[in-house]
Amino acid sequence: MDSDRNQSYRTQGIVTTLQVIGGKWKPLILFILMKEGTKRFGELRRKLPEITQGMLTNQLREMEKDELIDRQVFQTIPLKVEYSLSDHGRTLSSILTDMCGWGFFHIEFMNDTNDADEIKRQTISDKKTNGS
């Protein structure tokens, strides 16, 4: 029982992080704001052409509620709204950078694995063709 409680406690940080920044879009939005700075809604839409307007709105609202981003409204016509990382959101910079680096590492790893598999398949095919 204690080991279950300890395990639950040890994983709580991961669970909380995934609840706050999990999903397909939040890390990408946060990474864009981290690397490129303040963006308007339309700029974010152009950076993420596959996201729907509703999904982007929901993701931004959730991150604003979690105080990861700041939303600044300018009372102009048309209304101008800008999004930027909050101080709290900037604490995610090392996580987002590590995620990006690991993603490139994983792509390379999978390419190497697929290349090795293809060589094995080709070798087997050659042996069958040559009657070996």
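Residues numbered from 1 in each chain as written. Predicted model: local features only at pLDDT ≥ 70, side-chain atom pairs only at ≥ 80, totals over all residues. Heavy atoms only, no water.

## Details of the overall build of the protein
A tally of helices and strands in the protein yields 6 helices and 3 strands. N-terminal to C-terminal, the α/β element order of the protein is α-α-β-α-α-β-β-α-α. Here the protein, with 132 residues, has 21% of them falling under the buried criterion. Contacts in the protein between residues far apart in sequence, at least 24 positions, make up 46% of those at least 6 positions apart. Summed over all atoms, the accessible surface of the protein reaches about 9,700 Å², with 54% contributed by carbon and sulfur. (Helix = DSSP H or I, 4+ residues; strand = E, 2+ residues; numbered from the N terminus. Buried < 20%, exposed > 50% of the residue type's maximum accessible area, 1.4 Å probe, protein only. Contact = heavy atoms within 4.5 Å. Areas by Shrake-Rupley, 256 points an atom, 1.4 Å probe, with all protein chains shown as cover.)

## What about the pairing of strand β3 (residues 80-85)?
For β3, a buried count of 5 out of 6 residues is recorded, marking the element as mostly surrounded by other parts of the structure. Strand direction decides the pairing type here: strand β1 (residues 39-40) and β3, joined by 2 bridges, are antiparallel. The partner of lysine 39 across the bridge, within β3, is tyrosine 83. Where strand β2 (residues 69-74) lies against β3, 6 bridges are found, and the strand directions are antiparallel. Bridge pairing in β3 links aspartate 70 to serine 84. Connecting β2 to the next strand, β3, in antiparallel fashion are 5 residues. (Pairing = 2+ DSSP bridges.)

## Thoughts on the pattern of salt bridges
A full pass over the atoms with the stated rule returns 6 salt bridges. Across the pair lysine 26 and glutamate 62 runs a salt bridge, and its minimum N-O distance is 2.7 Å. Of the two residues, lysine 26 sits in helix α2 (residues 26-36) while glutamate 62 sits in helix α4 (residues 53-65), which places them 36 residues apart along the sequence. Of the residues examined, glutamate 62 reaches a relative accessible area of 35% and is grouped as partly exposed. Salt-bridge contacts for glutamate 36 lead to lysine 39; the nearest nitrogen and oxygen are separated by 3.3 Å. (Salt bridge = Lys/Arg side-chain N within 4 Å of Asp/Glu carboxyl O.)

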